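# Topology and contacts: notes
Below are the chains, spelled out letter by letter.
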Amino acid sequence: MGSAASIGGEQADDLSTDGIVKAVEGIALGLQNTAAAVRDNAHSPGSLATMAQKDMGGLLDNIGADEPLLRKVLTVLFLELIPEVKAPKASHDNMRMPKGPMRDFKPLGAYPAVHEITHHAQLAPAEATIEKDPNNEPALKVLRELVPNIMNIVRDTAVRIGQDQENAFVSSLCAVVAQGNELFVGVYKEVWRMIQSGEAEDCARVKRAVQLLLDRKFCTDATNADDPVVLLQHAAVAKPKYDMIVEQLASGLSGVTLKIAPKLKKLSRIIEKSVLETKNLGKSRRIFDVVRGMFVCDSLATVASVLQRIADCSDIVPVRIKERFFKQPSPGGWRDVMVCFFVKTDPNKHVCELQLAHSQMLTARKGLFHDCMFKLARAFNRPRFVVARHSHVQAEN
């Protein structure tokens, strides 16, 4: 070659043209294998670099790289390029799902017909417009035209899934969901035991604060709009008021982090929830989390302080409270407090959601595939109910 490039202290002037070609081919193959391993979550680029540094022999032998200097070139260049290999952005679901039936399970939104209609070119722009301008008539017209078709396709797909839920795959899936819940119960139970042990006195404070809120007059019959488009429109009106109220609740309070969902819940998800709604089939009146937020509290004492502020807040009307720290944890063992309310000045009385979570519980949840399992169980269980309910409604008609 005649070149005098220095590789690892050795001169590369004896490297043949054929050797260079093999080097390029080897690097390409190595990076392809690395990308595949990262994509499959088998290794991180860093761990692959360590592996390659320890043993490059297999890869080099596969391409017939028998020149010592060529092996040096390949090793050095490959190790230089590995940090550039990036894992593609994985969905939250697939990233944490263990291999097997759960990873292969197909949620409702992944079915071609549902995916296509919920990704209609006009849907997202119209939703974004309504968030900024709730009374924008052209955007409302687009949504009114799209939503009935979306609801029909989502419902028909759910019914079809429900009719096919007696096979072996579903049976194994049920077992996996059950095993997942057992895992959550064990982890959350231990975290909760530690919280109670270290914050015993504050448990009573939380209970008193909950009771203080329960002593307020609740508007228990409050519901949101039945029509998903109207629901989205009302949510867009309510969100600025909600944001201001919860920011005031958090103001000056130490040990708490406020997380407000920056956008409204997507209309496609609203429609899915309304179609799969177990009590009000096809209606969105009980969907309270289109506008939502969370207080992440560093202690039960902080949870009690936030609850005290909510109880004292005269600008809201409480609708529902779920006390899941002590009375009714989820089947998987998750514990928090959920408060639903509407802002007094909201002309539509749109019900919003506010969650109070302990930071240690939240940290434990991040190490599990809790949200994935929740979505999976929801996607699996509700279509079976939809089949029965829709069959019943059709029979009545």
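In what follows, the structure referred to is the one given above.
Treat the numbers as computed from the prediction; the structure is a model and nothing was measured. (Residues numbered from 1 in each chain as written. Predicted model: local features only at pLDDT ≥ 70, side-chain atom pairs only at ≥ 80, totals over all residues. Heavy atoms only, no water.)

## Focus: the packing of helix H11 (residues 200-214) against helix H14 (residues 300-312)
Axis separation between H11 and H14 bottoms out at 8 Å; the angle between their running directions is 15 degrees. One element, H11, and the other, H14, form an angle in the roughly parallel class. Where H11 crosses over H14, the two elements pack in a sense that is left-handed. Here Asp202, Cys203, Arg205, Val206, Ala209, Val210, Leu212 and Leu213 of H11 lie close against H14, whose contacting residues are Leu300, Ala301, Val303, Ala304, Ser305, Leu307, Gln308, Ile310, Ala311 and Asp312. A breakdown of the residues in the contact of H11 with H14 according to their chemical character gives 13 nonpolar, two polar and three charged. (Axes fitted to C-alpha atoms, helices over the stretch in contact; angles between N-to-C directions. Helix = DSSP H or I, 4+ residues; strand = E, 2+ residues; numbered from the N terminus. Parallel < 35°, antiparallel > 145°, perpendicular 65-115°, else oblique. Left-handed = near helix turned anticlockwise from the far one by under 90°. Contact = heavy atoms within 4.5 Å. Nonpolar A, V, L, I, M, F, W, Y, C, P; charged D, E, K, R; others polar.)

## Focus: the packing of aromatic side chains
For the coordinates displayed, the defined rule picks out five aromatic pairs. Relative to Phe325, the ring of Trp192 has its centre 5.6 Å away and its plane inclined at 20 degrees; by these criteria the two rings are stacked. Taken together, the residues Trp192 in helix H10 (residues 168-198) and Phe325 in the loop between strand S5 (316-323) and strand S6 (337-343) connect sequence positions 133 residues apart. Here Trp192 matches Phe325 in class, with each residue buried. (Phe/Tyr/Trp six-rings, centres within 6.5 Å; stacked < 30°, edge-to-face > 60°. Buried < 20%, exposed > 50% of the residue type's maximum accessible area, 1.4 Å probe, protein only.)

## Some details on helix H13 (residues 267-275)
Among the nine residues in H13, nine count as buried, and that is most of the element. For H13, the set of buried residues is Leu267, Ser268, Arg269, Ile270, Ile271, Glu272, Lys273, Ser274 and Val275.

## Overview of the sheet that holds strand S7 (residues 352-358)
Through backbone hydrogen bonds, the strands of a sheet pair up, either in parallel or in antiparallel fashion. Spatial ordering of the open sheet is given by S3-S4-S7-S6-S5, a layout of five strands whose pairing is mixed. The sheet terminates laterally at strand S3 (256-260) and S5, the two strands that pair on one side only. Ignoring which end each strand starts from, the neighbouring axes of this sheet average 20 degrees apart. Bridging between S3 and strand S4 (residues 292-297) involves five bridges; their strand directions are antiparallel. (Pairing = 2+ DSSP bridges.)

## Side note on the nonpolar core
Core analysis: the biggest nonpolar cluster contains 78 residues, and Phe295, Leu307, Ile310, Leu354 and Leu356 have the highest contact counts within it. Once residues lying within four places of it in the same chain are set aside, the contact partners of Leu354 are Tyr242, Val246, Leu249, Gly293, Met294, Phe295, Ile310, Val337, Met338, Val339 and Phe341. If you look at the next biggest cluster of nonpolar residues, it comprises seven residues, including Phe288, Val317, Val319 and Val351. (Core = buried A, V, L, I, M, F, W, Y, C linked by side-chain atoms within 4.5 Å.)

## Brief notes about the packing of helix H8 (residues 123-132) against helix H12 (residues 228-250)
The interhelical angle for the contact between H8 and H12, taken along N-to-C directions, is 40 degrees, at an axis separation of 8 Å. Judged on the interaxial angle alone, H12 and H8 are oblique. Residue-level inspection shows Glu127, Ile130 and Glu131 of H8 in contact with H12, the latter providing Leu232, Gln233 and Ala236. Grouping the amino acids of the contact of H8 with H12 by side-chain chemistry returns three nonpolar, one polar and two charged.

## Observations regarding the pattern of salt bridges
Enumeration over the complete set of coordinates arrives at nine salt bridges. The residue Arg155 makes a salt bridge to Asp156 at a minimum N-O spacing of 3.5 Å. With a relative accessible area of 42%, Asp156 lands in the partly exposed category. Across the salt bridge formed by Asp289 and Lys273, the nearest N and O atoms sit 3.2 Å from each other. Taken together, the residues Asp289 in the loop between H13 and S4 and Lys273 in helix H13 connect sequence positions 16 residues apart. (Salt bridge = Lys/Arg side-chain N within 4 Å of Asp/Glu carboxyl O.)

## Let's talk about helix H15 (residues 359-366)
When H15 is considered as a whole, its buried residues turn out to be Met361, Leu362, Ala364 and Arg365. Projected down its long axis, H15 shows its buried positions confined to an angular sector of 160 degrees, all on one face. Across H15 from its buried face, at more than 90 degrees, point the exposed residues Thr363 and Lys366. (Arc of directions from axis to C-beta.)

## Some thoughts on the environment of Arg309
Structurally, the position occupied by Arg309 is in helix H14. You can call Arg309 partly exposed: its relative accessible area is 28%. In this structure Arg309 touches Gln248, Leu249, Ala250, Ser251, Gly252 and Leu253, once residues within four positions along its chain are discounted. Within the structure, Arg309 has its side chain in polar contact with the backbone oxygen of Ser251 (distance 2.7 Å). (Polar contact = N/O pair within 3.5 Å; in protein donor to acceptor, adjacent residues only side chain to side chain.)

## Comments concerning the side chain of Gln233
Relative to the elements of secondary structure, Gln233 occurs in helix H12. The class of Gln233 is buried, set by a relative accessible area of 15%. Those residues in contact with Gln233, other than ones at most four positions away along the chain, are Ile130, Pro134, Asn135 and Leu140.

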